[in-house]
There are 4 protein chains.
Amino acid sequence: MLLRLRASLTESDRELILRFCKDLGYSPRFLGSAREILELEGQGRPEDRSRLEDHTCVREILDAGGSRELTARGPGEADRVVRVGEARFGGGWVSLVAGPCAVENAARLFEIARGVAASGAAILRGGAYKPRTSPYSFRGLGREGLELLADARAETGLPIVTEVLDPRDVAEIHELADMFQIGSRSMSNAALLTEVGRTQKPVLLKRGMAATVREFLLAAEYVLSAGNPNVVLCERGIRGFDKITRNVLDVGAIAHLKMHTHLPVVADPSHAAGRRDLVLPLARAGIAAGADGLLIEVHPAPAEVRSDGAQALSLDDFDRLARDVHSLVQLDGRRLAGIRGEEQQAADPGLLVRHADPRLPKELTA
Amino acid sequence: MLLRLRASLTESDRELILRFCKDLGYSPRFLGSAREILELEGQGRPEDRSRLEDHTCVREILDAGGSRELTARGPGEADRVVRVGEARFGGGWVSLVAGPCAVENAARLFEIARGVAASGAAILRGGAYKPRTSPYSFRGLGREGLELLADARAETGLPIVTEVLDPRDVAEIHELADMFQIGSRSMSNAALLTEVGRTQKPVLLKRGMAATVREFLLAAEYVLSAGNPNVVLCERGIRGFDKITRNVLDVGAIAHLKMHTHLPVVADPSHAAGRRDLVLPLARAGIAAGADGLLIEVHPAPAEVRSDGAQALSLDDFDRLARDVHSLVQLDGRRLAGIRGEEQQAADPGLLVRHADPRLPKELTA
Amino acid sequence: MLLRLRASLTESDRELILRFCKDLGYSPRFLGSAREILELEGQGRPEDRSRLEDHTCVREILDAGGSRELTARGPGEADRVVRVGEARFGGGWVSLVAGPCAVENAARLFEIARGVAASGAAILRGGAYKPRTSPYSFRGLGREGLELLADARAETGLPIVTEVLDPRDVAEIHELADMFQIGSRSMSNAALLTEVGRTQKPVLLKRGMAATVREFLLAAEYVLSAGNPNVVLCERGIRGFDKITRNVLDVGAIAHLKMHTHLPVVADPSHAAGRRDLVLPLARAGIAAGADGLLIEVHPAPAEVRSDGAQALSLDDFDRLARDVHSLVQLDGRRLAGIRGEEQQAADPGLLVRHADPRLPKELTA
Amino acid sequence: MLLRLRASLTESDRELILRFCKDLGYSPRFLGSAREILELEGQGRPEDRSRLEDHTCVREILDAGGSRELTARGPGEADRVVRVGEARFGGGWVSLVAGPCAVENAARLFEIARGVAASGAAILRGGAYKPRTSPYSFRGLGREGLELLADARAETGLPIVTEVLDPRDVAEIHELADMFQIGSRSMSNAALLTEVGRTQKPVLLKRGMAATVREFLLAAEYVLSAGNPNVVLCERGIRGFDKITRNVLDVGAIAHLKMHTHLPVVADPSHAAGRRDLVLPLARAGIAAGADGLLIEVHPAPAEVRSDGAQALSLDDFDRLARDVHSLVQLDGRRLAGIRGEEQQAADPGLLVRHADPRLPKELTA
């Protein structure tokens, strides 16, 4: 490991940091005439990088060396494939997650669930507990919404994912849903991350709206270090200065994450765009950048939606998107989970063997 | 109220939105030949703006008219003065909140508490439950830290503020602290905001690192609408593109908030700067922009601090800051709570009468 | 047209703005009880929107109505196809622009030019006058670089594009190059935009690093309004807060631009990434979002490059990228200009007839 | 100097960079077992940092050591005081620069010039060549505007500053104005920076709207390295995500710049706010953060202004601002140039001797 120390340390500060490194089990050695670089030899643990970064005498970690966090992809390490029922993310598998922003009633939900299943979605999404900017907005049907989702699963066979907002709700959602969603507003909610980390149920973790990639990975690290390795990362757009889109879909972060973590990465073009007409091109861009899946808001009567109607696709538009995405996925030698993928597999049983890795060699890169 | 509707509404969409407005008690009327502007006449409630904004047919609220949220400053409405023991925020009162990032041990905490009290701090801050980006970082002493804070209060007479991270901890912190702190990472944690809103204990609410001012005010609205009017807003820097400072202190937001809400507004130059040498100029800038107080991290031996040592001021530096800020506050005809302010009042009993309002007339502004 | 006026206008302000609108040839009419909305009837000219926006009494243009700027895509208006030699952008044509960041010497340039031509590039790029952040950086070979580019064109048949930085250089570059490039740093350089606008030579205009889409289009408007309709817009990443990539490729802007302007739009994944290993996924994302071409930095010996070597692809990597992009382009029913596209056309002469429009219907969107 | 090299360099890459460093006159030495840190011993020149940063094998400069650029403040180096007529910036001197956004006509300009002079402005500002986002906006009176400014100078004795947009206009503006203004849009216009750098006339250089502090200083370096040391840096707000203000005034950058460059730094609260009612608090914040002056837009009839009227102060508001700022300046032991400062000096001749340095010691900071 290679550390850069702060300028102007005193000799007693240097003693402090040396002792600290030795206590972590390393052999430290100052480099250079100003002794501002510290090289550590020894075996690293996942927690060492954070502990050293926190030390007041340390300005930055130049090279984390062998101290690899749990989310990090080791040299040559394969994708972790996260399974949710028949859905799969990573390792050449792509899954579409689709459904309404919020669960409203049984009839509507069933209509959407049947529609998206028929078009190739592998998971049904729907909010029962909704995070809202305003206390006066519709905050979801709660328990009733969860039960409607479970009914829709029974009806269609699709596993369900729904957002959890409060650590006190984890047990209830664990019982009824197949995957937890942690929203952008909750990415830094350590109590919540720890609670879902204590289960083995898959977690769809969204990036905070101004979180760096490292902060995003450390949020996932909360879940993994609590014992749950089944995390799917979701890039949903970062806050930008222009108002043409609600957020800026950070396709570079998708591509970077695919290299630096073994966890699957999906894109949420609906929240990134905030407007229906850009969902398709952003979905295509996310898949082309390497995403292992998509989250898509779908609603047959957007004008009646109680939240985020402007970005919901109709069932027909979703069908078009699923077909389009399927073509892109096939072009990469990847496969869609769900019925479209089954048809593809039937036609070509050797499919996943040829999965192309979209990564170039990395010499000379930062 | 004046609404701008989305383009391309159908006639049945227009029927929907008309009915919705009537159900809220308004008389709606389309304006203009394209009928994309909707004027509502009638008495507004605080929740109407959010409900209308949520409607899929509504593109934006051009003028909220009489639908004033609870955090909004009404025409001619005076500042709400929030009191925490002898500390006061707003209405010409300025309070300094100072202390260590995290509580470490009794000796250190008492040394800091006595020091900052002597220099003019009105509230002692200290973290017992620490929000951390990494699961491997020091997360505070918990209950033990709270008890040490209570001891320091007994010793110095300073009221104490500490961060609450989890709705399950609200009762315990309510029992031991004088003011809740809601950190940046929790600004959108509705469950937590609602829990502290059910008490009457003052809440120091920090702006999320990429929250708009409206989102910030709606977070405060969660607390107010749950029944607790004692909120102090804290601008602590927004995320920027340059790494010279950890965040960008948004002095324009401080000045804007002072006009548009009756709640007090304070600045946190320590977290904005992320480096000790910029804390004083940012503190001065915050006060000059109209802030009703400051949050300052103080530690006598920064190299030993377990989190954020690089931004902590020494006790001497804090004393210098307090003197400097006191001069600025006096220049405005305002008054520091705490011992410096008492000396000032003794010398000039008519003090607060002359409190200058830093606002210019607002004609022609956006 | 629909204008929103500033609050608190006086009666004489209202007279001013009414007169102003009438002088522009409109019939203005106040809407609503507060008379803050102004509806204008009449025929609009391209310049009216800007002129009204500039008026102090006007807060914003809610709907520009018939006042369409020259860059705007009219209802049903087809793509403008910009041709540079055999290269074509727009209307189902995709062109790859490739070459070194800066021209260094004849041997190197010829090697690159032959290589990228063979892989399917349709235009050779190379900097002779380089914009640099520091006055001490290599600023290009100037005139000598232009002549080397012209030689490389003679050798390979590829047309050449090179950056112009100074209005005093426009004549010289006009004489030697086939397309002007206006870089990010010059997007707001009105003198330069006007000079290239006075020619008919195609202009590759890059978005400023924090320019809104509207500001970007108004920069193009400078060129069009000066008489030159041959502008290709280039999205090259906007400044973000995370340092994993140099910039954030704004794929939403690409998709939005494809809808709202008839001008072609290309992506520059090399500058967006700032690192070689992300160029391919970002190139794919740009094309998937609808871009009509790509700018790619290529160099056979990146370690020797005098600027931006870390993002240059080798000739082999570029060949792989060109093949990958060709597949994506074919999937959309589009066609690459250059030799790959010729092979594609030979195999399928009906090609461009089936060009799929990636746009969904836009009802209910912002 | 301490360099961090890119990972995965080959041995021949290492030879390349060693030779490069030796050619610059340094003795280089690899540090650490991975040989990714390079320490250079020897005398540095201002250009070395940029040249090394540009090298493809170099990832970043960890410590520039003795290679100090011309804009850098050396250890213990005093402020450079830039004089423009009787106006002075830096070294305890604060100057107010005030006037209309654009020059419109003689009567208006004279009214403003007389008014701001009487209130304490030390320089008259006014645009003759205006940079505009849209080609259809009013672009200033050009030469006629310059002559009106010169007449206003003759009338009031105030020196004049006006923007230069095009290198071809430098000679004309040099002849008529006392100070060049380089606007935000032109901060990266190297041709323009070089032209004004060839004169000795003071330059007011505005920060680009998303420029880092280092990019800003390198823009100033263009002027200094061309031979002109008389640069005043202007922080005018950076682009942010919230629309409550046009830009975010970066007071941290002002404080940072005061430490790291010897050049004076001023603030432009008018452009940062974009609205009149926030100009005063932002002006106060800028001065409190250490700014050596302010740029303020002033106009007696804002509704008639042809650009940026919404942010112009009336003459009365400017007078109030000047009085307020004067109090803050006095509190620091600093002095306003112009008539207010003369009154202050008359009352206290020892004034500038006591100028307090707002900087804290910098141990342990980044």
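In what follows, the structure referred to is the one given above.
If you're wondering where the values come from, they're calculated on a predicted model, not measured in any experiment.

Enquirer: Would you mind going over the overall build of chain A in detail, with residue names and values included?
Expert: Per the secondary structure count, chain A includes twelve helices and 15 strands. Against the 2.2 N^0.38 benchmark of 21 Å for 366 residues, chain A shows a C-alpha radius of gyration of 22 Å, consistent with a compact globule. With respect to the three principal axes, the spread of C-alpha positions in chain A is 70 × 50 × 40 Å. Going through the 366 residues of chain A one by one, you find that 68% of them count as buried. In chain A, 66% of the contacts between residues at least 6 apart in sequence involve partners at least 24 apart.

Enquirer: Requested: an account of empty space enclosed by the protein, with residues and values cited.
Expert: Evaluated as defined, the whole model comprises nine cavities of 30 Å³ or more. The space that makes up the largest cavity amounts to roughly 350 Å³. The residue inventory of the lining of the largest cavity, partitioned by class, reads 17 nonpolar, four polar and four charged.

Enquirer: Report on the relation of the copies chain A and chain B, specifying residues and quantitative values.
Expert: Superposing chain A onto chain B requires a rotation of 180° together with a translation of 0.0 Å along the rotation axis, leaving an RMSD of 0.0 Å. Within this description, the copies of the chain are treated as partners about a two-fold rotation axis. Ranked by how close their C-alpha atoms come to the rotation axis, the residues of chain A are headed by Ala-210 of chain A, at 3.0 Å. Taken as a fraction of all interface residues of chain A, those also at the interface in chain B reach 100%, which identifies the copy contact as same-surface.

Enquirer: Residue-level account of the packing of aromatic side chains, with values.
Expert: Each pair of aromatic rings is reported with the distance of its centres and the angle of its planes. Applying the stated criterion to the full structure yields zero aromatic pairs over all chains. Geometry around Phe-30 of chain D places Arg-35 of chain D over its ring, the cationic atom sitting 5.1 Å from the centre.

Enquirer: Which residues make up unusual backbone geometry, and what values go with them?
Expert: Of note, the phi angle at Ser-8 of chain A is positive, near 65°, even though the residue is not glycine. You can see Ser-8 of chain A is positioned in the loop between strand S1 (2-5) and helix H1 (11-23).

Enquirer: Tell me what's going on with the packing of helix H7 (residues 213-225) of chain A against helix H8 (residues 251-260) of chain A, and back it up with residues and numbers.
Expert: All names here are of chain A. In the contact formed by H7 and H8, the axes pass within 11 Å of each other and the chain directions differ by 50°. It follows from the interaxial angle that H7 and H8 lie oblique. Every pair of crossing elements has a handedness; the one defined by H7 and H8 is right-handed. Taken together, the residues of H8 that come into contact with H7 (itself represented by Val-213, Phe-216 and Leu-217) are Ala-253, His-256 and Leu-257.

Enquirer: Explain the interface of chain A and chain C to me, and be specific about the residues and the numbers.
Expert: Facing 52 residues of chain A, the contacting portion of chain C comprises 52 residues. A buried area of about 4300 Å², summed over both sides, lies between chain A and chain C, and 66% of it is on carbon and sulfur atoms. Run the count over chain A and chain C and you get four salt bridges. Counting across the interface, chain A meets chain C through eight residue pairs in polar contact (both at pLDDT 80 or more). Looking at the side of chain A that touches chain C, the elements that each hand over two or more residues are H8, helix H10 (279-288) and helix H11 (315-331) of chain A. A breakdown of the residues in the side of chain A that touches chain C according to their chemical character gives 31 nonpolar, seven polar and 14 charged.

Enquirer: Before we move on, can you summarise helix H7 (residues 213-225) of chain D with the specific residues and values?
Expert: All names here are of chain D. Look at H7: 18 Å from first C-alpha to last across 13 residues, which is about the 18 Å you get at 1.5 Å a residue. For H7, a buried count of eleven out of 13 residues is recorded, marking the element as mostly surrounded by other parts of the structure. Burial in H7 covers these residues: Val-213, Glu-215, Phe-216, Leu-217, Leu-218, Ala-219, Ala-220, Glu-221, Tyr-222, Val-223 and Leu-224. On its buried side, H7 packs onto helix H2 (48-54), helix H6 (190-197), strand S11 (203-206), strand S12 (231-235) and helix H8 (251-260). The first or second residue beyond H7 is Gly-227, which carries a positive phi of 120°.

Enquirer: If you had to explain the environment of Arg-306 of chain B to someone new, which residues and values would you point to?
Expert: Among the structural elements, Arg-306 of chain B can be located in the loop between strand S14 (293-297) and helix H11 (315-331). On the basis of relative accessibility, which here comes to 46%, the residue Arg-306 of chain B falls in the partly exposed class. Spatially, the C-alpha atom of Arg-306 of chain B lies 26 Å from that of Gly-157 of chain B, the residues being 149 residues apart in sequence. Excluding anything up to four places from it in sequence, Arg-306 of chain B contacts Asp-54 of chain A together with Glu-104, Arg-132 and Phe-138 of chain B.

Enquirer: Which residues make up the relation of the copies chain A and chain C, and what values do they have?
Expert: Superposing chain A onto chain C requires a rotation of 180° together with a translation of 0.0 Å along the rotation axis, leaving an RMSD of 0.0 Å. Counting the interface residues of chain A, we find that 100% of their copies in chain C are interface residues as well, pointing to one common contact surface.

Enquirer: So, the environment of Gly-157 of chain C: which residues are in play, and what are the values?
Expert: For Gly-157 of chain C, the position within the fold is in the loop between helix H4 (143-156) and strand S9 (160-163). Considered as a pair, Gly-157 of chain C and Ala-122 of chain C are 35 residues apart in the sequence and their alpha carbons are 9.3 Å apart.

Enquirer: Tell me about the sheet that holds strand S4 (residues 58-63) of chain A, and please be specific about residues and values.
Expert: Consider a sheet: its strands pair through backbone hydrogen bonds, and that pairing is either parallel or antiparallel. All names here are of chain A. The strand order S2-S3-S1-S4 describes an open sheet built from four strands, whose pairing is antiparallel. If you trace the sheet from one side to the other, it starts and ends with strand S2 (27-31) and S4, each paired once. Strand after strand, the sheet turns through a mean of 25° between neighbouring axes, direction not considered. Inspection of the sheet shows S1 paired to strand S3 (residues 37-41) by three bridges, in the antiparallel sense. Its bridge partner being in S3, Leu-2 is matched across the sheet by Glu-39. Running at roughly 145° to S2, H1 makes contact with S1, S2, S3 and S4 of the sheet.

What counts and how
- Residues numbered from 1 in each chain as written.
- Chains lettered and ligands numbered in written order.
- Predicted model: local features only at pLDDT ≥ 70, side-chain atom pairs only at ≥ 80, totals over all residues.
- Heavy atoms only, no water.
- Helix = DSSP H or I, 4+ residues; strand = E, 2+ residues; numbered from the N terminus.
- Rg over C-alpha atoms; globule rule 2.2 N^0.38 Å.
- Buried < 20%, exposed > 50% of the residue type's maximum accessible area, 1.4 Å probe, protein only.
- Contact = heavy atoms within 4.5 Å.
- 1 Å grid on protein atoms, 1.4 Å probe; cavity = no way out; pocket = protein on both sides within 12 Å on 5 of 7 lines; lining within 4 Å.
- Points joined across faces, edges and corners; volume = space filled by probe spheres on them.
- Nonpolar A, V, L, I, M, F, W, Y, C, P; charged D, E, K, R; others polar.
- Least-squares fit on C-alpha atoms with pLDDT ≥ 70 in both.
- Phe/Tyr/Trp six-rings, centres within 6.5 Å; stacked < 30°, edge-to-face > 60°.
- Lys NZ or Arg CZ within 6 Å of the ring centre and 35° of its normal.
- Axes fitted to C-alpha atoms, helices over the stretch in contact; angles between N-to-C directions.
- Parallel < 35°, antiparallel > 145°, perpendicular 65-115°, else oblique.
- Left-handed = near helix turned anticlockwise from the far one by under 90°.
- Buried area = accessible area lost by both parts, 1.4 Å probe.
- Salt bridge = Lys/Arg side-chain N within 4 Å of Asp/Glu carboxyl O.
- Polar contact = N/O pair within 3.5 Å; in protein donor to acceptor, adjacent residues only side chain to side chain.
- Expected span 1.5 Å × (residues − 1).
- Pairing = 2+ DSSP bridges.

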